[in-house]
Amino acid sequence: MAATRLLWGKYFQYDRDGEAALLDPVALNSCYLDRREVTDLSAVSPTATHDALAELGFTPDGPAADRREALRNLVLDPTPHRISGLRIVLTDRCNMACTYCFVDTNSGKPDMTEEELAEGLRYLFEENAGQDEVSIQWFGGEPTIRFDLMQYGDELADRLAVEHQVKRVRRTVVTNGARLTDEALNHFIRYEYGVGISIDGPPDINSANRLLLGGQPADTRIRGNVQRLVGADELHVGCNLTPTAANIGRLAETVAWIIDTLGLKFIYVNTPIPTGGRWRVNGRDLARELYEARLVALSKGGLLFSVLDRAFQALDTRRPMLFDHMQGDGTLNAAYLPGKRVSLCDINFTEPDFLFTLNELRHHPEVLGTVTKRIAPIPACGDCPALAICGGPSRNEQLLIGGDTPDPEMCAFYTETVEIALWDNTGVQ
Amino acid sequence: MPTPRRTKTDHLIHADVVDSKSKAGVWMGERASFQDKQRQILEGLKDALNWVPLEGAIMAISTAPAGITVIAPNPTLPGLIVLADGGSPAASALLQANGEDLVRQVMSDLGIAEEAAA
């Protein structure tokens, strides 16, 4: 059984079966003590263990600094300086009616026009002139409903890349997989797409929340289309898995099915969003399930990525991993919407605080700071072992929950991920 | 001596994982890249080492305790190689012992006698 306590007022000590792991929550240094060393540590200082810990940077000296302030001084500028990728929302029309979708689908609002798409792409390439890469992700609704726009946009993007000396265009599409024409498949191959198929698991799980507009399941059709995509060697095909009430408790089994039956070896688990003002999953249980599922994927030759990997990467590299609003290079992936509007948060298309026109972005680039995360916004963050891995709610989460204080389940999730990652030093992924 | 966590900067996905949080699909572009890199590294290692191919190896994955165990037929001697790597030194030792016990158990079930090492 594990227990946590504070050592010398600044390090978290996790005790388990007589051993211990120490964590500096700001510098992200960590180390392991065996049973003898744990006993030695509780003896009067200095012992051999105290001396050895000092060599590793763990000392009882110095005041217990304000950890939130120390972290803020450590991290880089949290303000994005450029939009380097667009999630292009071609239409809100969708052939499915998934219960948890964050997009208001089939609202009757007009699709994006060719002219709007062209202006959005021009903005993207102008902003990234001379850069190595821009990314375009086709999104909806179901984006393949407007496959004509995808074709138009991909051809235009190639021309703009030459014009603005952008070396590479990374293209992805997020689709439910329920419709795939030969023409679309050949187009994806030609442009070396990454194809992310949204699916929650075997038919009994998937059909709990993901049904066609008419209410019938689409699993047979989706499975056939996945096989066609996987059969095209040139494509990178993966699964976007959303944790739901139907698959939580069965994530490992779900992942095994996705790998064994669908043949998809790359699985990304979407992070819960506090829609309706709160997390709807048990954070601690979800963290443990993700860990189990991650290892099941590895044991089957697959890879599962989730927000859990943040904790592993942060501890392995000793680098804070708390920016969920921008890329590691300080750039932003934004959503481009019909009507020439950009949402600086690509998972929230309606919040007025995030919405800007292309002209506003061109003339007032400082508005990119609107989406900047406030690091560790509440005092309790300073007492949390996940301080440099969670960093508190994002701007989007703050707006959804109506304040600075994170949902308790979110806190439980991140503190559990830290403990899981701390005790797993294998570096297998 | 307390053991520091190893430093690892070669995660299979080099982009900050949170980048993918709301941009599912982007990470898939890493697939060819990391597998190509693995091949390149192995080719480089082959030039620097004396080596034999290790056919039929498996990597067992454990959650309790966390860790991996590589089990492989020794290509030149009549035995199996068991190499465990756990989340802590004690976990590694436990995984190693468990791996060796399991090999013995399977040998026994198959009626294969173990001989004392010379």
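Just so you know, these numbers come straight off a predicted model, no measurement behind them. For every chain, the first residue of its written sequence is number 1, and the numbers climb from 1 along that sequence. Throughout, the order in which chains and ligands are written sets their labels, letters from A for the former and numbers from 1 for the latter. With pLDDT at 70 or above as the cut-off, local features in this predicted model cover only qualifying residues; side-chain atom pairs require 80 or more to be listed or tallied, and sums for whole chains, interfaces and linings still use all residues. With hydrogens and water stripped out, all remaining heavy atoms of the structure feed into the side-chain values.

### Side note on the domain arrangement of chain A
Residues and elements named next belong to chain A.
So, point 1. Residue ranges for the domains trace back to a domain assignment, done automatically or taken from a database. In terms of domain boundaries, chain A breaks down into domain 1 (1-65) and domain 2 (83-371).
So, point 2. Look at where the C-alpha atoms of domain 1 and domain 2 centre, and you get two points 42 Å apart.
So, point 3. Contacts: residue pairs with any heavy atoms within 4.5 Å of one another. Counting from both sides, the interface comprises five residues of domain 1 and, opposite them, five residues of domain 2.
So, point 4. Buried area: the accessible surface (1.4 Å probe) lost by two parts on joining, summed over both. Each partner contributes to the roughly 370 Å² buried at the junction of domain 1 and domain 2, and carbon and sulfur atoms together form 59% of this total.
So, point 5. In terms of surface lost to domain 2, no three residues of domain 1 exceed L28, N29 and S30, which account for 80% of the buried area on that side.
So, point 6. When a carboxyl oxygen of Asp or Glu lies within 4 Å of a side-chain nitrogen of Lys or Arg, that pair is called a salt bridge. For the interface between domain 1 and domain 2, the tally reads zero salt bridges.
So, point 7. Polar contact is defined as a pair of N or O atoms within 3.5 Å, subject to the rule that within protein one atom must be able to donate a hydrogen and the other to accept it, and that residues adjacent in sequence are counted only when both atoms are side-chain atoms. On inspection of domain 1 and its partner domain 2, the count reaches zero residue pairs in polar contact (both at pLDDT 80 or more).
So, point 8. Of the residues belonging to the side of domain 1 that touches domain 2, the class tally is three nonpolar, two polar and no charged. Only Asp, Glu, Lys and Arg are considered charged, only Ala, Val, Leu, Ile, Met, Phe, Trp, Tyr, Cys and Pro nonpolar, and every remaining residue, Gly among them, polar.

### Quick word on the packing of aromatic side chains
Residue and element names in this part refer to chain A.
So, point 1. Centres within 6.5 Å are what make two rings of Phe, Tyr or Trp a pair, Trp counting through its six-membered ring; a difference in plane orientation under 30 degrees is then read as stacked, over 60 as edge-to-face, and the rest as tilted. As enumerated under the stated definition, the model contains ten aromatic pairs over all chains in all.
So, point 2. Arranged with centres 6.3 Å apart and planes meeting at 50°, the rings of Y32 and W423 form a pair that is tilted. Within this pair, whereas Y32 is found in strand 4 (residues 30-33), its partner W423 is found in helix 14 (residues 408-423), the two being separated by 391 residues in sequence. As far as burial versus exposure is concerned, Y32 and W423 are alike and both buried.
So, point 3. A ring pair is formed by F139 and F349, whose centres lie 6.1 Å apart and whose planes are at 85°; its orientation type is edge-to-face. With F139 in strand 6 (residues 133-139) and F349 in the loop between strand 13 (341-343) and strand 14 (355-357), this pair connects stretches of sequence that are 210 residues apart.
So, point 4. For F139, a relative accessible area of 10% puts it in the buried group.
So, point 5. Grouping aromatic residues by their ring pairs yields a cluster made of W8, Y11 and F58.
So, point 6. Counting as a charge over the ring demands two things of the Lys NZ or Arg CZ atom: a distance within 6 Å of the ring centre and an angle within 35 degrees of the ring normal. The ring centre of W423 lies 4.2 Å from the NZ or CZ of R16, which sits over that ring.
So, point 7. Lying across the ring of F312, R294 places its NZ or CZ 4.0 Å from the centre. Numbering of helices and strands runs from the N terminus, with a helix taken as a DSSP run of H or I at least four residues long and a strand as a DSSP run of E at least two residues long. Working definition: with a 1.4 Å probe on protein chains only, accessible area under 20% of the residue-type maximum means buried, over 50% means exposed, and in between means partly exposed.

### Digging into the pairing of strand 9 (residues 236-241) of chain A
Residues and elements named next belong to chain A.
So, point 1. Buried residues dominate strand 9, accounting for six of its six residues.
So, point 2. Here strand 9 shows two buried faces, one formed by H236, G238 and N240 and the other by V237, C239 and L241.
So, point 3. Pairing between two strands is assigned when DSSP locates at least 2 bridges connecting them. The pairing of strand 8 (residues 194-198) with strand 9 spans five bridges and is classified as parallel. What sits directly across from I197, in strand 9, is C239.
So, point 4. Alignment of strand 9 against strand 10 (residues 266-269), held across three bridges, turns out to be parallel. Within the sheet, the bridge partner assigned to L241 lies in strand 10 and is V269.
So, point 5. Call a crossover right-handed when, viewed with both strands pointing away from you, the route from the first strand across the helix to the second goes clockwise. Chirality of the crossover, the property in question, places the unit of strand 9, helix 9 (residues 251-262) and strand 10 among those that are right-handed.

### A closer look at the pattern of salt bridges
So, point 1. All chains considered together, the criterion is met by 29 salt bridges over all chains.
So, point 2. Across the salt bridge formed by E253 of chain A and R250 of chain A, the nearest N and O atoms sit 2.8 Å from each other.
So, point 3. The class of E253 of chain A is partly exposed, set by a relative accessible area of 42%.
So, point 4. The partner of R104 of chain B in a salt bridge is E114 of chain B, and the shortest N-O contact between them spans 2.9 Å. Of this pair, R104 of chain B sits in helix 2 (residues 89-109) while E114 of chain B sits in the segment after helix 2, placing them ten residues apart in sequence.
So, point 5. The exposure class of R104 of chain B is partly exposed, given its relative accessible area of 40%.
So, point 6. A cluster of three or more residues bridged by salt bridges with shared partners is formed by E115, E119, E126, K340 and R362 of chain A.

### Section: unusual backbone geometry
Trans is the prevailing form of peptide bonds, just as negative phi is the prevailing case for residues other than glycine.
All names here are of chain A.
So, point 1. Put simply, S45 and P46 share a cis peptide bond, and its omega is 0°.
So, point 2. Inspection of the secondary structure puts P46 in the loop between helix 1 (35-41) and helix 2 (48-55).
So, point 3. Here the bond from G140 into G141 is cis, since omega is 25°, no more than 30 degrees from zero.
So, point 4. The phi angle at R318 is positive, at roughly 60°, despite the residue not being glycine.
So, point 5. You can see R318 is positioned in the loop between helix 11 (308-317) and strand 12 (331-337).
So, point 6. Although it is not a glycine, K340 sits at a positive phi angle of roughly 60°.
So, point 7. Within the secondary structure, K340 sits in the loop between strand 12 and strand 13.

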